[in-house]
Amino acid sequence: MKPFYEQPILNSPYHVPTRHHALGDNGQPLAQEHLIGRRRSRYMTPVPRSKRQAAQAQLSFEATSSTYSDNPIINEIRAHVASWRALTNPADWNVTPTTQKLLLHWRHHNFQNQRPFFCQVEAVETAIWLAEVARGRRQYAGILSELSKANQEANPELFRIALKLATGAGKTTVMAMLIAWQAINNARQPQSSLFSKGFLLVAPGITIKDRLRVLLPSDPDNYYKTRELVPPDMINDLQNAKIVITNYHAFQQRETLDTNKVGRAVLSGWRNEKLVTRETEGEMLERACKDLLSTKNVVVINDEAHHCYREKPGEVSEPSFKGDEKAEAEENNAAARLWISGIEALKRKVGLRAVYDLSATPFFLRGSGYDEGTLFPWVVSDFSLVDAIECGIVKLPRVPVSDNAVNVDTPIFRNLWDHIGKKMPKKGAAKSGELDPRSQFPDTLATALHSLYSHYKQEYDEWQRASIGVPPVFIVVCNNTASSRLVFEWIAGFQREVEGERQTIHWGNLDLFSNYDRDTGNPLARMNTLLVDSHQIDSGTLDDAFKQAAEAEIDRFRQEKAEREGAAAASSVTDSEILREVMNTVGRKGRLGEHIRCVVSVSMLTEGWDANTVTHILGVRAFGTQLLCEQVVGRGLRRQSYELGSRTDPDGNRLFDTEYADVLGIPFDFATEPVKVTKKPPKPVTRIFAVKDRAALSMRLPRVAGYRTELPDDRLSATFTDQHRMILDPSMVGPTTARLEGIVGEGHDITPEVLDEMRPAAISSHLSKHLIQRYLLGTNGEPQYHLYYKVQPIVRRWIAECFKTVGGTKPGMLIYSSVASRAAALIHSAILQETESDPKVVKALLDPYNPAVVTDHVQFITSKDTLWETAPDKCQINYVVGDSDWEVEFARIAERHPAVLAYVKNQALGFEVPYLAGTEARRYLPDFILRIDDGRGADDPLMLVVEIKGERLIDDQIKAETMRTLFVPGINNLGTFGRWDFVELTNLWTMEKDFGQAIADRIKLHIRGGK
């Protein structure tokens, strides 16, 4: 078996890919070991046809009509962004302070649920780099010129930037990050010309529009809070953002006069004056864009942006189309023309700050005038499907590769439509009449459904045994409404009018998907199979039995709608809206779509509908392009579980386990070899929230942005303890011995022995200057070099008493920037400890925008099962979610100790401690915060920060010293957050005893009259 199929996942989803599988010229995996490094952006691009061949040529799935070629501008931008990302000092990023903070948050925050993938962060980094870093800098002028040229040729009135992310890689999260970056920067720098507070999000259909409502800050499930994409202190800055979500159909100028031909003639009068009965462009924008028209320079975000383009002017390079292909091409062009014309109209009205296109398949469609499958030339970031599979972000699709049929070149179930298409209804439901699934259903299609259903049933049983709570989902995509109705009724059963009464004629061929009771023939209260298409949604009606059975979920839907749109909108919810909500919530526990097992649809499942419980897909239609194949298969690629597995990459980063989606009837040319695997069902999730009845246990916690120290010049001194020691080993600086050998002859070792030549005075001088430049700054922010002769003796004493080298490391390595920074942090900590009796030495600087957070607003979802149900008189949050069993054990210890008045696990609070790790500014999240009665009573409690640490590394040492010497005295000196202290529990086996002793020590300190 090829390595790709044995181990498809090579990279962590949260780090830069460092390995990739070898692919052949046709894009198929090769039988060779994986390659080192990141795959370059390459894509199958059509080869230009000769004019003589154009009339009869067809775009094939094979490599004969296409070739792989690099995307040079994408690869160049990727390299620049990678170099920029590698800069450790945020001051060197050349972005605003707000952008700095957001980037640090996205890259380093300890997310309680799903952390943003590397590909999501990279896409936003690319947009930021182009807008804030590259703009106006001469060395990048060629890139911006190339993008301008590409837009001038294809989008003369617009400047578009396209971000390509594989289906299932999370484009909605990227949109939320783009909005946060723009809106928060605008709120904090309203005069800047780079940012906007107005956003128009354009989608190709109702389904996607509904999905995008999580981008509204007012939505209860908005991604800014539930996905922790915005730090708590920045959430309020989003309130000024104006966000409008619409379908491109809204750009159609509508008729304002509803009358017939006779009515028009009457209104025209005897002079036959021309009536203006259509909206003007301004009226259309007023309706479609709402209050954005009062905002200048709006940001437009196009979802599934391959539907938005301007047809190529001049000579057409595509072959001519006939029949269904011609109709599809004309439909594509009309939609694309309407979409892009609406954006151009908005630009003329209010101006545009930027246009961001997001799509997994940003290629020109059939009929555009460009060769079908040509990549948009304004794509600047690319994370392909094979990249996503190698990072485990999406499932690996499995398609048929062999069968026992004779006289066929490819498996019948691979391209099912070739074998059943002539037997399926040619027209839609309105023209086909009432079909009988019992006599008008192709046998080959029935066999395909039974085959895929048999495997689904095994999967369903596994999920039942695992008590997942929701079923796996089977989807069928059809060519027209007549076919979808025929398939739906064959699967789920059907009724007909018999002597004036509605009767059940058949209860369905697939038991788990039937919508009827086999014994009584009555419709089930909860449908198992859902038929969804545009007509069904617009004219859908629901059985009263369903409404009654789903009363709780419908009420919840009404409540959410009321919160978003007001009470009036909630009171007039239609059956169509409820049906659409059922579809949008398939696979989500406690929602209307929770019990759906099978979805049958026409075009609504080609894009935009994302449920992570899809396990089986059947295509019952023609697939003319790989683009369409990827869109449909993409509906089943969203992962079931985002829990990391036990395997790791060479850097020790944990990898996802492989998940698969089984696909029939879709000729998708990828991963075409059979693989037998045991699939893991998704883990149950738990909602973590602050309990309203426990408001008395609420805590108000400071948001610290930094520290200011005012050391006394006349008595600079330090006392060193074990906390200030540093042992330098090769793990911190790299190997200190390396063996070099040739093919023949004698080998030799190399070591950094040149560092032995450095004099001790030079080493201490370098470290003294580094300490002053980093920590000993005046009120004007400039280093206080006049303190050099007082600092250097302290540094020399630290080197002699606290610094040790092992494993071949050298004292001269103290000149390395990261080593010097760690050493300076420890020395500075000792200096602060010596002067801690002076109350004016350290002051904490609070975040100017949000100086405090409270525990009242904690709310997130977790799939972790290491949970502790908290005592109602000790913790405001319903559960402690443990990153380890020791944290759960500490929750038990805290609840048992009588001095503990309240406690909270530091999750989703926004409580962070800034510190320096080497040269990099980071934020540290301690484990617990407790309110302690240390003898002064409940009205004057001690706020105790507790860190539980088993193995203690140098970075953990610096965190602890930051707490003791900067955070605790800095907050205490402010006097507005009460009294604070810090304790670190490092012996896990004596944790209860050590915690009790720490409390006792603080009570004794109070009795003795200490602070």
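Shown above is the structure to which this text applies.
Residues numbered from 1 in each chain as written. Predicted model: local features only at pLDDT ≥ 70, side-chain atom pairs only at ≥ 80, totals over all residues. Heavy atoms only, no water.

Describing the packing of aromatic side chains
The geometry of an aromatic ring pair is captured by two quantities: the separation of the ring centres and the angle between the planes. In the structure shown here, the tally under the stated rule is 30 aromatic pairs. Between Phe-364 and Trp-378, the aromatic rings sit 6.1 Å apart at their centres with planes inclined by 85°, giving edge-to-face as the arrangement. Of this pair, Phe-364 sits in the loop between strand E9 (352-359) and strand E10 (379-383) while Trp-378 sits in the loop between E9 and E10; the two residues are 14 residues apart in sequence, bridging distant segments of the chain. On the basis of an interplanar angle of 70° and a centroid distance of 6.1 Å, the ring pair of Tyr-642 and Phe-656 is categorised as edge-to-face. Taken together, the residues span a long stretch of sequence, with Tyr-642 in the loop between helix H23 (626-633) and strand E18 (644-648) and Phe-656 in strand E19 (residues 654-656) at a distance of 14 residues. With relative accessibility at 0%, the residue Phe-656 sits in the buried group. By the ring-pair criterion, three or more aromatic residues cluster together here, those being Tyr-309, Phe-364, Tyr-370, Phe-376 and Trp-378. Positioned above the aromatic ring of Trp-93 is the side chain of Arg-107, whose terminal nitrogen or guanidinium carbon lies 4.8 Å from the ring centre. Residue placement shows Arg-687 over the ring face of Phe-689; its charged tip is 4.4 Å from the ring centre. (Phe/Tyr/Trp six-rings, centres within 6.5 Å; stacked < 30°, edge-to-face > 60°. Helix = DSSP H or I, 4+ residues; strand = E, 2+ residues; numbered from the N terminus. Buried < 20%, exposed > 50% of the residue type's maximum accessible area, 1.4 Å probe, protein only. Lys NZ or Arg CZ within 6 Å of the ring centre and 35° of its normal.)

A closer look at the sheet that holds strand E7 (residues 242-247)
Overall, parallel pairing links the six strands, which are arranged E7-E6-E8-E9-E5-E10 in an open sheet. In this open sheet, the two edge strands, each paired with only one partner strand, are E7 and E10. Each adjacent strand pair in this sheet contributes to an overall mean axis angle of 15°, direction not counted. Relative to E7, strand E6 (residues 198-203) is paired through six bridges, and the arrangement is parallel. (Pairing = 2+ DSSP bridges. Axes fitted to C-alpha atoms, helices over the stretch in contact; angles between N-to-C directions.)

What about the packing of helix H3 (residues 72-85) against helix H5 (residues 118-134)?
In contact at an axis separation of 10 Å, H3 and H5 are set at 95° when each is read in the N-to-C sense. The orientation of H3 with respect to H5, classified from their angle, is roughly perpendicular. The segment H3 lies against H5, with Ile-77, Arg-78, His-80, Val-81, Trp-84 and Arg-85 engaging Phe-118, Glu-122, Glu-125, Thr-126, Ile-128, Trp-129, Leu-130 and Val-133. Class assignment of the residues belonging to the contact of H3 with H5 gives a composition of eight nonpolar, two polar and four charged. (Parallel < 35°, antiparallel > 145°, perpendicular 65-115°, else oblique. Contact = heavy atoms within 4.5 Å. Nonpolar A, V, L, I, M, F, W, Y, C, P; charged D, E, K, R; others polar.)

Thoughts on the nonpolar core
If you look at the biggest cluster of nonpolar residues, it comprises 117 residues, and the most contacted ones within it are Trp-106, Trp-129, Leu-178 and Trp-181. Top element by residues in this core is H5. It accounts for eleven residues. Sequence-distant contacts of Trp-129, that is, excluding residues within four places in its chain, are made with Ile-77, His-80, Val-81, Trp-84, Ala-134, Tyr-140 and Ile-143. Ranked by size, the runner-up nonpolar core spans 87 residues in total, among them Ile-763, Ile-932, Ile-948 and Val-968. (Core = buried A, V, L, I, M, F, W, Y, C linked by side-chain atoms within 4.5 Å.)

Everything listed here is a matter of coordinates, which is why it stays silent on function.
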